[in-house]
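One letter stands for each residue in the lines below.
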Amino acid sequence: MNMNERHGDGRRPEEDAYERQQRLEVILHELRTSLTTIRGWAELPLQGLSDDPELMVRALRRIQDEADHMHEAVQQVSPRADASWVRPLDAEPVDLRDVADEAVADLGLLDPERPIARENSGRATLVADNRMLRHAIRNLLGNALRHTPAGSPVTVAVRGPAAGSGGQQHVELSVSDQGPGMSPRDIARLTSPRSADGRIELGGGGLGLSIVRRVVERHGGEVSVRSAPDRGTTVTVTLPTVSVSSGN
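Q: What is the right way to read empty space enclosed by the protein from this model?
A: Rolled over the atoms, a probe as big as a water molecule pinpoints where empty space is left. Evaluation of the coordinates by the stated rule reveals two cavities of 30 Å³ or more. By volume, the second largest cavity amounts to about 40 Å³. Those elements that place two or more of their residues in the lining of the second largest cavity are α2 (53–74), α3 (96–110) and α4 (130–146). Of the residues contributing to the lining of the second largest cavity, the split by class is one nonpolar, one polar and six charged.

As structure tokens, then:
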């Protein structure tokens, strides 16, 4: 088959190669993130904190959760997988405030000198894939820590519920930093993940945010960025809520 021929589904061989490369980039990013989290929680006994039974139980649960996530990620390496490689959503009632607290706890282990403030406003329960949402928020918070100076404060705020367009209720989570900020061009690049040929751009510093965007869009939500040079950056995730009792 030459490069101009197509498969039965209309896809060219080079498109398959691109999708495989894209998938591997995301998987490697997720594996690195999980390994970093596992190392952070595993080092607690070495810090003289093993006398706290509740903390040790929490650490073991986080290590197990991350190991499970890594196992799932490895299953996606098959070269036969296509653009729909992302696993189906495992929806359940989730409190976005708990997701934020867990992400802050993970990152607090990795950068204990970083001031990370938490703000809550209203109840923030939705039906979502808990594990997928946790990793998206952690990627979002990790981006803020990586792209700002050491010791620069970060704020994680959860708000909800509020009425959106058409009366649909939604909740929000935002991560705000006081870093160097971004130019309008950088914002446009990060908030427009698809290039002219429809491919999702996952390279460079936007990889973490691209993962966040993919997860949020699968939940029917949106990601927005507000920033300016030398004035910090705020990334906001907006997610629709549904009836926890009905699961609709």
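Read on for the rest.
Q: Sorry if this is basic, but what is going on with the pattern of salt bridges here?
A: When the charged atoms of two side chains with opposite charge come close together, those side chains can pair. Counted according to the given criterion, the structure contains eight salt bridges. One salt bridge connects arginine 97 with aspartate 95, and the closest N-O pair in it is separated by 2.7 Å. Taking relative accessible area as the criterion, aspartate 95 reaches 17% and is therefore assigned buried. The residue glutamate 102 makes a salt bridge to arginine 134 at a minimum N-O spacing of 2.6 Å. Note that glutamate 102 is positioned in helix α3 and arginine 134 in helix α4, a separation of 32 residues in sequence.

Q: Help me understand the sheet that holds strand β6 (residues 222–227) in this model?
A: Hydrogen bonds along the backbone pair up the strands of a sheet, which may run parallel or antiparallel. Strands sit in the order β2-β4-β5-β7-β6 across an open sheet of five strands; the sheet is mixed. Every other strand in the sheet has two partners, leaving β2 (116–121) and β6 as the edge strands with one partner each. Sheet twist, expressed as the average angle between the axes of neighbouring strands with direction ignored, equals 15°. Summarising the sheet, strand β5 (residues 169–177) and strand β7 (residues 233–240) pair through eight bridges and their orientation is antiparallel. Directly across from serine 174, in β7, lies its bridge partner threonine 236. On the sheet, α3 packs against β2, β4 (154–163), β5 and β7 and is oriented at approximately 175° with respect to β2. Contacting β4, β5 and β7, α4 runs over the sheet at an angle of about 30° to β5.

Q: Explanation requested: the side chain of asparagine 139 in the structure shown.
A: Here asparagine 139 shows up in helix α4. Asparagine 139 gets classed as buried once you look at its relative accessible area, which sits at 3%.

Q: Just checking my understanding: could you explain α4 for this structure?
A: Given 3.6 residues to a turn, an α-helix orients residues that are three or four positions apart in the same direction. Across its 17 residues, α4 extends 24 Å between first and last C-alpha, which sits within 8% of the 24 Å expected from 1.5 Å per residue. Among the 17 residues in α4, 15 count as buried, and that is most of the element. Its side-chain oxygen at 3.3 Å from the backbone nitrogen of arginine 131, aspartate 129 defines the N-terminal cap of α4.

Q: Help me understand the nonpolar core in this model?
A: Side chains of nonpolar character tend, in soluble globular proteins, to be buried together. Leu96, Leu141 and Leu173 are the most contacted members of the largest nonpolar core, which has 36 residues in total. Among the elements that make up this core, the one with the highest residue count is α4 (eight residues). Those residues in contact with leucine 141, other than ones at most four positions away along the chain, are Ala103, Val104, Leu107, Val154, Val156 and Val175.

Reading the values: rules and limits
- Residues numbered from 1 in each chain as written.
- Predicted model: local features only at pLDDT ≥ 70, side-chain atom pairs only at ≥ 80, totals over all residues.
- Heavy atoms only, no water.
- 1 Å grid on protein atoms, 1.4 Å probe; cavity = no way out; pocket = protein on both sides within 12 Å on 5 of 7 lines; lining within 4 Å.
- Points joined across faces, edges and corners; volume = space filled by probe spheres on them.
- Helix = DSSP H or I, 4+ residues; strand = E, 2+ residues; numbered from the N terminus.
- Nonpolar A, V, L, I, M, F, W, Y, C, P; charged D, E, K, R; others polar.
- Salt bridge = Lys/Arg side-chain N within 4 Å of Asp/Glu carboxyl O.
- Buried < 20%, exposed > 50% of the residue type's maximum accessible area, 1.4 Å probe, protein only.
- Pairing = 2+ DSSP bridges.
- Axes fitted to C-alpha atoms, helices over the stretch in contact; angles between N-to-C directions.
- Contact = heavy atoms within 4.5 Å.
- Expected span 1.5 Å × (residues − 1).
- Polar contact = N/O pair within 3.5 Å; in protein donor to acceptor, adjacent residues only side chain to side chain.
- Core = buried A, V, L, I, M, F, W, Y, C linked by side-chain atoms within 4.5 Å.

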